[in-house]
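Listed here are the chains, written in short residue letters.
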Amino acid sequence: MTVAGWCYLLITALICFDVVARRLLGFSTEATSEITGYLMAIGMSWGLAGTLFERGHVRIDVLVQKLPLGLRVWLHLASLLALLIATGFFVYGAASLAIDSWELSATDLSAMHTPLAVPQGLWAGGLALLLLAGLAIGARALGHLFGGDPARLDAMLLARTDMDEAAETLEAVAESKRNEAESPRAMAPSPGDDSESKRDGSEFKRDDSESKRDDPESKRDDPETKRNERFPRKRDPR
């Protein structure tokens, strides 16, 4: 799935660059459509296997969830077998297309003249990875079935429910909160530094008070000084 994510990021970057170049720089790559099409096909095929492991593919299982466990596990295996058969046809067709393009040295019609065997081969590789992932899941499912653990097989092949997605969301939120709580702790000053800053602050305040006491301007602004100037005290004749 990492390959798929990078492909889609490259698609975004290429499209943004082409738009900015045509708008501000006055030229175009003239191959953005072809390259983004290749990247989309490659990203799609290389993301299928990871989505299968995450149980993220769409399944219509409204009736399957209502059936008893003994019947439900066989329907799970039947759906996995159908997926393997369809994927086998996809891999055969994609690999045949890539081999034909390699033998004919076929290129696209863009200015880059990209050899079609390269993107087609990568596309076929992603489909082959999906086939291998399906075979691995099928082997593990058969192990659970013959090992007398149908509940585990059902949990492995059952489509994701709302509770599964809610639990995953709550886990992601908790992880982000933990990261936020750890980041201020790492930036907080040590106790020694805090005491030093407090001591420096107290010395600054003490120096500031002494300077105010010695400054005649600050004495003139003092309320006691102002009161004495307005109402001077009478001297004792004694």
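Residues numbered from 1 in each chain as written. Predicted model: local features only at pLDDT ≥ 70, side-chain atom pairs only at ≥ 80, totals over all residues. Heavy atoms only, no water.

## Overview of the environment of Gly 37
Move 1: Locating Gly 37 in the fold gives a position in helix α2 (residues 32-53).
Move 2: Note: C-alpha distance between Gly 37 and Pro 119 (82 residues apart in sequence) is 9.6 Å. (Helix = DSSP H or I, 4+ residues; strand = E, 2+ residues; numbered from the N terminus.)

## A few points about the nonpolar core
Move 1: Ranked by size, the top nonpolar core spans 18 residues in total, and within it Leu 77, Ile 137, Ala 141, Leu 153 and Leu 157 carry the most contacts.
Move 2: When residues of this core are assigned to their parent elements, the largest contribution, seven residues, is made by helix α4 (residues 117-146).
Move 3: Those residues in contact with Leu 157, other than ones at most four positions away along the chain, are Arg 59, His 76, Leu 77, Ile 137 and Ala 141. (Core = buried A, V, L, I, M, F, W, Y, C linked by side-chain atoms within 4.5 Å. Buried < 20%, exposed > 50% of the residue type's maximum accessible area, 1.4 Å probe, protein only. Contact = heavy atoms within 4.5 Å.)

## Points about the environment of Gly 93
Move 1: Tracing the sequence through the fold places Gly 93 in helix α3 (residues 69-104).
Move 2: Classification of Gly 93 as partly exposed rests on a relative accessible area of 37%.
Move 3: Distance from Gly 93 to Ala 124, taken between C-alpha atoms, is 8.4 Å for residues 31 residues apart in sequence.

## Section: α3
Move 1: With 36 residues, α3 extends 53 Å between its outermost C-alpha atoms, agreeing within 8% with the 52 Å of an ideal straight helix rising 1.5 Å per residue.
Move 2: Structurally, α3 contributes buried residues whose contacts are with α4 and α5 (150-157). (Expected span 1.5 Å × (residues − 1).)

## As for a nonpolar patch on the surface
Move 1: Residues Phe 17, Val 20, Leu 24, Leu 25 and Phe 27 make up a contiguous nonpolar surface patch of roughly 520 Å² in combined accessible area.
Move 2: Along the chain, Phe 27 turns up in the loop between α1 (2-25) and α2.
Move 3: A residue is classified by how much of its surface remains accessible, and Phe 27, at 40% relative accessible area, is partly exposed. (Patch = residues over 30% accessible without salt bridge, like charges linked within 9 Å, V, L, I, M, F, W, Y side chains within 5 Å. Areas by Shrake-Rupley, 256 points an atom, 1.4 Å probe, with all protein chains shown as cover. Salt bridge = Lys/Arg side-chain N within 4 Å of Asp/Glu carboxyl O.)

## Section: the packing of α3 against α4
Move 1: One can describe the packing of α3 onto α4 by two numbers: an axis separation of 8 Å at closest approach and a directional angle of 155°. Considered as vectors, α3 and α4 are oriented roughly antiparallel to each other. Crossing angle aside, the handedness with which α3 passes α4 is left-handed. (Axes fitted to C-alpha atoms, helices over the stretch in contact; angles between N-to-C directions. Parallel < 35°, antiparallel > 145°, perpendicular 65-115°, else oblique. Left-handed = near helix turned anticlockwise from the far one by under 90°.)

## Here we look at the side chain of Asp 154
Move 1: Following the sequence through the fold, Asp 154 ends up in helix α5.
Move 2: Among the residues examined, Asp 154 registers a relative accessible area of 8% and is labelled buried.
Move 3: Not counting the four nearest positions on each side in its chain, Asp 154 is found in contact with Leu 69, Arg 72, Val 73 and His 76.

Interpretation note: all reported values are geometric properties and have no functional meaning in isolation.
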